[in-house]
Every structure is written in structure tokens, then in C-alpha cells.
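Analysis of the macromolecular model
One letter stands for each residue in the lines below.
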Amino acid sequence: MRYIYQIGRLEKNMKPLKFQINSTEVDTYLSSLALKSSSTDVKVILIYPVSLPFNKGLVAEDSSLEKEFKQKIRDILEGSKEDYFKNPWGFFKFHPHTQLVDDFLVVHSFGEFYGQNFEGNFDDIVLEIFIDIVERSLKEPFKELYIDISSGHNIYISAMLEAVRNFVVFYSLSNWINQELKVKLYFSDPIIGSSKNYYCIHKDYELKYKIFFSSIIDEDDINNFSLSRKIFGKEKERRKLKSELQKFFEEFYLAYSSIKNNTPLVIYSYNFSKEEEIIEMIKILIEQLKEKLFSTWEKSIGINKNDYLKVFLVLAFYIGILRVLSASEINSKYEVSLDEIEENFTKIYKHFNLLLNIYILSHEISNLDRTIENAEKISEGSWIPICQIITGEGNFLRRNFLAHAGFERTVTEFMKKEQKIYLRYKKEKLKEIFKEGHSKCFKIISN
């Protein structure tokens, strides 16, 4: 499946034009429709600014628009605008181009048109387009996204490109292994003021954005429900959603810190949420945003775009981590062999391009393996605290936890069985590890 997004237009004379694509001429109204005619399995989505019908020229005598549609515009211009703003989608269903495309989206506008002032916000438009793409990708995954910039005011083109950039980051963070999405920019020759007989469509300008294994949220976002409260507020009826979102934040940071700081045993020891649960939260956030954004059309309600984007991206990142763990067959288990840890996390670190972690982990496993093999009086099949074979200070030291790949001597136990070495954390220490594991560099507090 492929999607094409283009800014919709509404003019008094909208006649078919000749577009040339792949040396073939196509008679149609929009360059996106010409693109669709030359491809298979493509859906066109038009983005209509809500201010489009506020143009007196649309109902002038020389307007070529259909009589019934002109009357709907006249009703808006000369009648009550309140009905239009209650449901602009109802009007755009009758737009002549809507019948030719697969779907449409209405977004906020800027400026004054025919006495109507629009006080939209650039960030709102970015969010409106972004959540539309995300929602469609969840319902029907696609591998190609075409951005047609042949029409529309600069502000809408810029918002569309910014929304697409954020979507690509969203997609990439959730798909570290199979990044199949291609995003391409398309545009036609200039049409307004041109006397050409046909308009060439220029294509195959691929847009690429890099991502890094770097957290989108920090300790300040997690502490005291800071970010989750910004999203779901203080209302009692949303307390459950707020707590669930907070749980996802803390779990993400635990998983992220464990991988970033090279402490794989933490990953094995924790039972993380399911991917489906996080996707459901994304859908809830989309519905909430729609409700807020589209509650008024004449002005912005002042949503903080950065807060919402941060949430969408961190949830995508959490999904991406879970997918990598699943592909590497990492399942929650209380005990795991050194061989399995090294084999699986070597693959994981390659996916996240954390190549130095591979060397450090291998070094620590090799040292631990050698120390255990050289230790005296070790009974097969018995769990033994590492502190019994490695001398040192009696208290837990956070720096040692990080320096030795999480195999800290006071909280870790080992067992030799069938010529393999197995590790686990002491049960009484697990709560401490998980409780503070989401903080920067594992602020684990010992008793």
C-alpha cells in the first residue's frame, strides 16, 4: 500500500489539466491523481484548509463550480458560519475533488478571508497531519509515502513536511530491524501563470532522516507524573490512563537504560508490557488530540505540540525496543545463561548500533566466566552469590553495577549446571533495581 498526501484547493475554475508522468500524458485535476493513475495500490489523501470556502469569487457568475456546490458555499458566506464550523467535513464531502480521491483531512487556517478571521497555529496543523498519517499506518501499514507539494500555501506545505518528518522518526523508532518505509517528494511544473500545454511531474526525490539510540524523555518527564499529567490532566476519570502512560514511560526508560548502559540481565528479569497495549495507548492519544484540536476551528486552543510529539515518539521507541527483543527471542526469565546473554545481546547491540557495548559485554562475560571456573569448591546446581568468589566492599556500589555490565557482586548470583553458567539477581534486590532503573544511569539504592 502507498499513500499520497497533497494540499487540496478550491478555485472558481477547476478544469482538468494535462500532466506528464513517465512519458505518458494524463488528463486530470491534480498531480496526485496523475501519480495514482501511473501506479498500483495507491491511495490519495487531500488536506483541505478550513478557510477554503471563504472566497466570494467561488460563487461569482463566471465560476464553473456546480450549482449545488456553489449554493453550499453561498450558505456559508451569507448565512450562519456556526453550522459550518461545527462540521467542516460535511461541506468538504461535496468538494468536486473529494469524489476522485480516497479520503481527505481538514486542517486549521491562518489569515482573514471574506471577513472571517482564522487564528490557526502552525503546530496544530503539524499535529493534525501527523496523527492522520500515524492513524492510517496503524490501520493499514504502508511501505511508501508520497508527498506532493504541487499545491497549497507555503505554510501548509511546511506543516506537511514537518509532520512527515516526525512520522518518519516515529516509524523508524518502532522499526529498527525492518525499515522498509520510503518517503518521496513529488511536484509538477508551476501551473499558475503558465501557458504550457502540459505539466511534467518531477519525482523520486527521496526524503531520509536519521535516528539514534537516544532517549526522547528524561528523568524530569518521568518524576511526579510530570509528562503524563500534561497529557491527561488532573481529572479523576483519566487517572487510570495517566497511570498507564506513566507505567509505559518508566518501563521504556528501564529498557532503554538497560540497553544503553549495557546491563542485559535487567532486561531478562523484568516483565515488560505487550506491544498491543502500547499501540492501544497511541490510539487513545490520537482520539484525545482529535477531540481537542477539532473542538474549535476559528482559533487554536494552544496545545503543546512538543509534549505530544515527545509522547508519541517515546511510545514508538518502546515498541521498537520490544520488537528487537522479540526478534532476538528475549523473554522474561528469572535465570539465564552467560552464553545466551552474549549471543542475544550481540545481535541487539548491532540493531541499535551500540557496537562498543558488544566489546564491553564480551569482556565482562569472559572475566566472570574465568573467575567462576577458577573458583574453588563450587557445587553444581547450587546458586551462589558472586560476592563469595569476588572479594570487595560489602555494600552495593552503583558504579560497579554499570562498570561490570550489571553483574554487580552483591546483587547477582550464579549457578554451574551442565557445563554452563547461569545468572540471576537476588529476589530481594529486584524491586530496588526496577524501582530506580528508569532514572539516569540506574540510581539503584542499596539497603
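Please refer to the structure placed before this passage.
Given the structure is predicted, the values throughout are model-derived calculations rather than measurements.

**A short note on the overall build of the protein chain**
Looking only at helices and strands, one finds 16 helices and 14 strands in the protein chain. Taken over C-alpha atoms, the radius of gyration comes to 28 Å for the protein chain, far larger than the 22 Å a tight globule of 447 residues would show. Across its three principal axes, the protein chain shows a C-alpha extent of roughly 100 × 55 × 25 Å. Counting the 447 residues in the protein chain, one finds 51% classified as buried. Long-range contacts, defined here as pairs at least 24 residues apart, represent 69% of the contacts in the protein chain between residues at least 6 apart. For the protein chain, the computed accessible surface area is about 21700 Å², with 45% contributed by carbon and sulfur atoms. When the 62 basic and 64 acidic side-chain charges of the protein chain are each reduced to a single mean position, those positions are 1 Å apart.

**Some remarks on the pattern of salt bridges**
Per the counting criterion, the structure on display carries 20 salt bridges. Between E135 and K139 there is a salt bridge, with the nearest N and O atoms lying 3.9 Å from each other. Taken together, the residues E135 and K139, both in helix α5 (residues 122–139) and 4 residues apart, mark about one turn of the helix. Using a relative accessible area of 67% as the deciding quantity, one classes K139 as exposed. The closest approach of N and O atoms between E340 and K333, which form a salt bridge, is 3.1 Å. Of the residues examined, K333 reaches a relative accessible area of 31% and is grouped as partly exposed. If you follow the salt bridges from partner to partner, you end up with E135, K139, E287 and K290 in one network.

**Quick notes on the sheet that holds strand β13 (residues 412–417)**
A sheet is described by the order of its strands in space; here 4 strands give the open sequence β11-β14-β13-β12, paired in antiparallel fashion. In this open sheet, the two strands that pair with only one neighbour each are β11 (336–337) and β12 (384–385). Sheet analysis places β11 next to strand β14 (residues 420–425), joined by 2 bridges and oriented antiparallel. Looking at β14, one finds that V336 is bridged to L423. Lying over the sheet, helix α14 (residues 355–374) contacts β13 and β14, oriented at roughly 110° with respect to β14.

**A short note on the packing of aromatic side chains**
All told, the structure shown has 39 aromatic pairs when counted by the stated rule. Their ring planes at 50° and their centres at 6.4 Å tell us that F19 and Y199 sit as a pair that is tilted. Here the residue F19 occupies a position in strand β2 (residues 17–21), and Y199 occupies one in strand β10 (residues 199–207), the gap between them amounting to 180 residues. Overall, the relative accessible area of 1% leaves F19 in the buried class. Its relative accessible area of 6% is what places Y199 among the buried residues. An aromatic cluster is defined as three or more aromatic residues linked by ring pairs; in this entry it consists of Y48, F54, F69, Y84, F85, F91, F92, F104, F113 and F118. The aromatic ring of F94 is capped on one face by K72, whose charged end is 4.1 Å from the ring centroid. The ring centre of Y422 lies 5.1 Å from the NZ or CZ of K417, which sits over that ring.

**Overview of the nonpolar core**
The tendency in soluble globular proteins is for nonpolar side chains to be buried side by side. Counting 147 residues, the largest nonpolar core has L145, F167, F312, L315 and I321 as the members making the most contacts within it. I321 has contacts with F213, F252, A255, Y256, I259 and F352, leaving out every residue within four places of it along the chain.

**Considering unusual backbone geometry**
The general pattern is negative phi for most residues beyond glycine and trans for most peptide bonds. Positioned with a positive phi, N353 is a non-glycine residue whose angle comes to about 60°. Residue classification places N353 among the exposed residues on the basis of a relative accessible area of 57%. The phi dihedral of Q419 is positive, around 65°, even though this residue is not glycine. Checked against the element boundaries, Q419 lands in the loop between β13 and β14. We classify Q419 as exposed; its relative accessible area is 83%.

**A word on helix α6 (residues 154–174)**
Since the α-helix turns once every 3.6 residues, residues separated by three or four places project in the same direction. Here α6 is 21 residues long and its end C-alpha atoms lie 30 Å apart, about the 30 Å a rise of 1.5 Å per residue gives. Counting buried residues in α6 gives 15 out of 21 residues, a clear majority hidden from the surface.

**Let's talk about the side chain of Q6**
Within the secondary structure, Q6 is located in strand β1 (residues 2–7). Its relative accessible area of 1% is what places Q6 among the buried residues. Looking at Q6, its side chain comes within polar contact range of the side chain of S31, at 3.3 Å. Residue contacts for Q6: discarding those within four places in its chain leaves L30, S31, S32, I45, L46, I47, D148, S150, S151 and M160.

**Looking at the sheet that holds strand β8 (residues 144–148)**
If you walk across this open sheet you meet the 8 strands as β3-β2-β10-β9-β8-β1-β4-β5, and the pairing is mixed. Looking at strand neighbours, the two that pair on one side only are β3 (24–28) and β5 (103–107), the edges of this open sheet. With direction set aside, neighbouring strand axes in the sheet form an average angle of 30°. Inspection of the sheet shows β2 paired to β3 by 5 bridges, in the antiparallel sense. When the sheet's bridge partners are listed, K18 is paired in β3 with D27.

**A closer look at the layout of surface pockets**
By volume, the second largest pocket amounts to about 420 Å³. Lining the second largest pocket are 19 residues, with S172, Q179, Y209, K210 and I211 positioned closest to its centre. At the level of elements, α6, β9 (182–188) and β10 are the ones that each hand at least two residues to the lining of the second largest pocket. Within the lining of the second largest pocket, the residues separate by chemical class into 11 nonpolar, 4 polar and 4 charged.

**Concerning helix α11 (residues 275–293)**
For α11, which comprises 19 residues, the first-to-last C-alpha distance of 27 Å matches the rise-based estimate of 27 Å (1.5 Å per residue) to within 8%. Buried within α11 we find I278, I279, M281, I282, L285, I286, Q288, L289 and L293. Elements that come into contact with the buried residues of α11 comprise α5, α6, α8 (226–232), α9 (239–260) and α12 (305–327).

**Remarks on a negative patch on the surface**
On the surface, a cluster of negative charge is contributed by E329, D339, E343 and D369. Positionally, E329 belongs in the loop between α12 and β11.

About the criteria used
- Residues numbered from 1 in each chain as written.
- Predicted model: local features only at pLDDT ≥ 70, side-chain atom pairs only at ≥ 80, totals over all residues.
- Heavy atoms only, no water.
- Helix = DSSP H or I, 4+ residues; strand = E, 2+ residues; numbered from the N terminus.
- Rg over C-alpha atoms; globule rule 2.2 N^0.38 Å.
- Buried < 20%, exposed > 50% of the residue type's maximum accessible area, 1.4 Å probe, protein only.
- Contact = heavy atoms within 4.5 Å.
- Areas by Shrake-Rupley, 256 points an atom, 1.4 Å probe, with all protein chains shown as cover.
- Lys, Arg positive; Asp, Glu negative; His and termini not counted.
- Charge placed at Lys NZ, Arg CZ, Asp CG, Glu CD.
- Salt bridge = Lys/Arg side-chain N within 4 Å of Asp/Glu carboxyl O.
- Pairing = 2+ DSSP bridges.
- Axes fitted to C-alpha atoms, helices over the stretch in contact; angles between N-to-C directions.
- Phe/Tyr/Trp six-rings, centres within 6.5 Å; stacked < 30°, edge-to-face > 60°.
- Lys NZ or Arg CZ within 6 Å of the ring centre and 35° of its normal.
- Core = buried A, V, L, I, M, F, W, Y, C linked by side-chain atoms within 4.5 Å.
- Expected span 1.5 Å × (residues − 1).
- Polar contact = N/O pair within 3.5 Å; in protein donor to acceptor, adjacent residues only side chain to side chain.
- 1 Å grid on protein atoms, 1.4 Å probe; cavity = no way out; pocket = protein on both sides within 12 Å on 5 of 7 lines; lining within 4 Å.
- Points joined across faces, edges and corners; volume = space filled by probe spheres on them.
- Nonpolar A, V, L, I, M, F, W, Y, C, P; charged D, E, K, R; others polar.
- Patch = residues over 30% accessible without salt bridge, like charges linked within 9 Å, V, L, I, M, F, W, Y side chains within 5 Å.

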